[in-house]
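The lines below spell out each chain.
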Amino acid sequence: MPLNHLIALPSHINLPSVGGAQRWWKRLTPHRQDRVAMLAPLAAVLLFFAAIVSALGYLRVEEIEREQQAVRRDVEYAQQRLRLRLLERQEQLMRMARELSNRELEAPDFRARAATLLDQYPEIYGIAWIDEKRKIKVSLGSTVLPGNQVYASGENALRRDPQDGFAIASESMQPLYVQRPRSDGYVPLLQLFLPLTERSRPGGVVLAEFSVDGLYRYGIPPEVTAQYAVSLLDVKGGVLAGTTMPPRQIVSRLAPWTHPANEYSMPVSPVGIGLMIRAQAYRASLGVIGSGQFWLVAALSVMTAWMLIANWRHTRRRLQAQQALVSETNFRRAMENSMLTGMRAMDLQGRITYVNAAFCQMTGWTESDLVGRTAPFPYWPDAERDHVASRLEAELTGRTTPGGIQVRVKRRDNTLFDARLYVAPLIDALGTQTGWVTSMTDITEPNRVRDQLSASHQRFTTVLEALDAAISVAPLGGDELLFANKLYRQWFGMQSNGHLALVAQAGVPTSPTNDESEDNVDSFAGLPTTALPDTETESAEIFVPELGQWLEVRTRYLSWVDGRLAQMVIATDITTRRLAEEQAASQAERAQNASRLITMGEMASSVAHELNQPLTAINNYCNGMVSRIKAKQISEEDLLGALEKTARQAQRAGQIIQRIRSFVKRSEPNRTPSEISLMVDEAVELAEIELRRFNVRLNHYVAARLPVIMVDPILIEQVLVNLLRNAAESIDMALRQTADRLVELRVVPRLIEEKPVVEFSVQDTGKGLSPEVMGRLYEAFYSTKADGMGIGLSLCRSIVESHMGRMKAENIYNREDVVGCRFSFWVPLTENQVTAPTPLRKSK
């Protein structure tokens, strides 16, 4: 039966049918279905508890409402009884007050009738007749006036107070109930003031005092006091008479809804709000909590909740286990489908029971084509069926190879590929073998790569064997030879002695072999620990007497294929190159000597003129001395002076010849610590002979405190002499005036490319160099002079570069006109040579 037939629902609400609920359930994702299945028992428990709590709450509310209605009804009944009693007493007292006002009742009669009322009605506490002057004329009972004073007849009963009942009742001419103020020894009393008139003027009052406790005892019905805690309260809620309920317990104060206060209060008329009646119901019934039915329902509810929670927990654990199983199955299935290795399972009879996706992808056959098949299988090559069948028989009998077997497999499109098979027994959970499992890996690409690597290794080995350099590799700290090519084997054989000898002779430190068990020092201490760069090589040139050859030895560290640190040595035969270098050096030396001889040959006329001066002076001194001696006209002192002058002229001629001889003398290149000032002075003295011939002045400046440099002084002097001669010739060719025929030589320290150097510069005032000449300036055998050989500047640059320096030429301009040329070269200083305090200048 549909659910909407069992429950009355509004017509506009349509519940989904069972089919609709099924479709809604199917549209949910598995994760949402699991969550709905897990939350359904919990929702049922919550709904059940909500229903029980709602039912119990409804019953409790109904019970409380019935009790409150009963309390209200009984309080109204008690108030009505008390009101009637007060009204009856008030009517009797008002009758006496009218008679007093009409002078129909005298004091003795008033006393008698008051005594009767006091005897008949115990709630009346006292009656008094008070005149207009507030004096008591008649008083019976314990009439207590303000101030807790009992007054006798004739006394002033009431003090003047605008708020007292006497004044109010006299002014309003109406009966007035007044609650007597509290004070020490307070007795709850209710005062009734009844005004008296005399000729339409206030004539006093009749005062009646009611005991509140008496009103409670005689005015409240006994059946009400038996059922409720009835009390009379003042305007501030203070208890005047009656009984009250004890204070509520802490639990009730903290949770007032568990035991709601069942009470009701209302004012007592005709007194008004000055007197309140309140009734509090006693806890007569056990309530819902004390009901046995409640506990029965509660026990059944707890059992139902426990069962639902247990069912929910069981369902949750089952769903979790199911989800874990599904996840594990999906994971294994995904792992099997993601594997690049093909998996095949066979039973003990050789029938295929399982293949994974990779196996099917490798062979091209589907799972349905392979599962259930027996040998021969469709992926066996036709030409190798017998071989593969014997392999399969060996597998089924347990004769498997731990390293696997290599076979060829045929795809569905009849193409073949190489595969490696690994066979292992298939064991179930009970430890029983149920078949065989085989893993298959496609090794076509690895075989191709291995073949290529083999061919590449062969080519590489062929190249190394054909090299004209001996190559060897040996581990550090060992005497094993890891590799040696053909030339090494020809020179040193297959031993590592040749490798170690080359390393030792080349001066490259090696790690000695030691026993680290006896020595705690690491044998590889000091070697680099980071990755070795490809450019980290060391080279040296050595002579091997055993071979009679010069070898260039290059070494470097490398990591061998097994991870060991090794040292590779490449030895190249450079004997031919060394011989060529020696011949080139010898030819360069001869060219330098020839250049100096050519220079002196070109300076022969100047040298002759220079020598002619001291020789002429010597001749003149000698002729003069001879003439004067013959004429006996010379004294010994004059003769001594003439001889000294002759000696100085001879010494000068000898110095000129000595400088020329040392300049052109053939000697081996010799770099020695040389003072710059001495080299410059020697070059200047030689060059000045030529400069005087061209009528050219020379200004030279050498910076103070220049360091001693490591050079060949003769070669540097040769460069300076050549530059000074070229400068003089350039000025002579430019036909400069005498004032402009000037050559300047400067030697100063500088910084070039952040390196300290000593710069030599020669500046002339000629016409400079044309672009064509500038481009071929250092070309050998190129000269702008008709009788020049063109080797001077080329040799100068070679000499400077052999000293690790550089040489350059530049024109000097005055705006757009060339006014001269400057040749400069510099020689670097070593760290030990930079000792002079002269500040270095940066080259511009």
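Throughout what follows, the structure given in this document is the object of discussion.

Here the structure, examined in full by the defined rule, presents 26 salt bridges. Glu 123 is the salt-bridge partner of Arg 85, the closest N and O atoms lying 2.9 Å from each other. Pair noted here: Arg 85 is in helix α3 (residues 30–101) and Glu 123 is in the loop between α4 (107–120) and β1 (124–130), with a separation of 38 residues, a long-range link. On the basis of relative accessible area, Glu 123 is assigned to the buried category, the value being 0%. With a shortest N-O distance of 2.1 Å, Arg 448 and Glu 445 are connected by a salt bridge. With Arg 448 and Glu 445 both in helix α13 (residues 444–466) and three residues apart, the pair spans about one turn of that helix. Residue Glu 445 is classed as partly exposed on the basis of its relative accessible area of 42%. Put simply, Arg 85, Glu 88, Arg 89 and Glu 123 are held in one network by salt bridges that share partners.

For helix α12 (residues 385–396), with twelve residues, the first-to-last C-alpha span of 16 Å sits near the 16 Å given by 1.5 Å per residue. When α12 is considered as a whole, its buried residues turn out to be Val 388, Leu 392, Ala 394 and Glu 395. When α12 is viewed along its axis, its buried side chains cluster within an angular range of 160° and face the same direction. Buried-residue contacts for α12 involve β10 (342–347), β12 (405–410), β13 (416–427) and β14 (433–442). Downstream of α12 by one or two residues, Gly 398 has phi in the positive range, about 90°.

What follows covers the packing of helix α19 (residues 676–693) against helix α20 (residues 713–733). As a packed pair, α19 and α20 sit with axes 9 Å apart at the nearest point and diverge in direction by 30°. Considering the relative orientation of α19 and α20, their crossing is right-handed. Residues Met 679, Val 680, Glu 682, Ala 683, Leu 686, Ala 687, Glu 690 and Leu 691 of α19 pack against Pro 713, Ile 716, Glu 717, Leu 720, Val 721, Leu 724, Arg 725 and Ala 728 of α20. Grouping the constituent residues of the contact of α19 with α20 by class yields twelve nonpolar, no polar and four charged.

Taken as a whole and judged by the stated rule, the model has two cavities of 30 Å³ or more. Taken as a whole, the largest cavity holds about 130 Å³ of empty space. Lining the largest cavity we find 16 residues, and of these Arg 344, Tyr 379, Trp 380, Val 388 and Leu 421 sit closest to its centre. Of all the elements in the fold, those that place two or more residues in the lining of the largest cavity are α12 and β12. Class assignment for the residues of the lining of the largest cavity results in twelve nonpolar, no polar and four charged.

About the cut-offs
- Residues numbered from 1 in each chain as written.
- Predicted model: local features only at pLDDT ≥ 70, side-chain atom pairs only at ≥ 80, totals over all residues.
- Heavy atoms only, no water.
- Salt bridge = Lys/Arg side-chain N within 4 Å of Asp/Glu carboxyl O.
- Helix = DSSP H or I, 4+ residues; strand = E, 2+ residues; numbered from the N terminus.
- Buried < 20%, exposed > 50% of the residue type's maximum accessible area, 1.4 Å probe, protein only.
- Expected span 1.5 Å × (residues − 1).
- Arc of directions from axis to C-beta.
- Contact = heavy atoms within 4.5 Å.
- Axes fitted to C-alpha atoms, helices over the stretch in contact; angles between N-to-C directions.
- Left-handed = near helix turned anticlockwise from the far one by under 90°.
- Nonpolar A, V, L, I, M, F, W, Y, C, P; charged D, E, K, R; others polar.
- 1 Å grid on protein atoms, 1.4 Å probe; cavity = no way out; pocket = protein on both sides within 12 Å on 5 of 7 lines; lining within 4 Å.
- Points joined across faces, edges and corners; volume = space filled by probe spheres on them.

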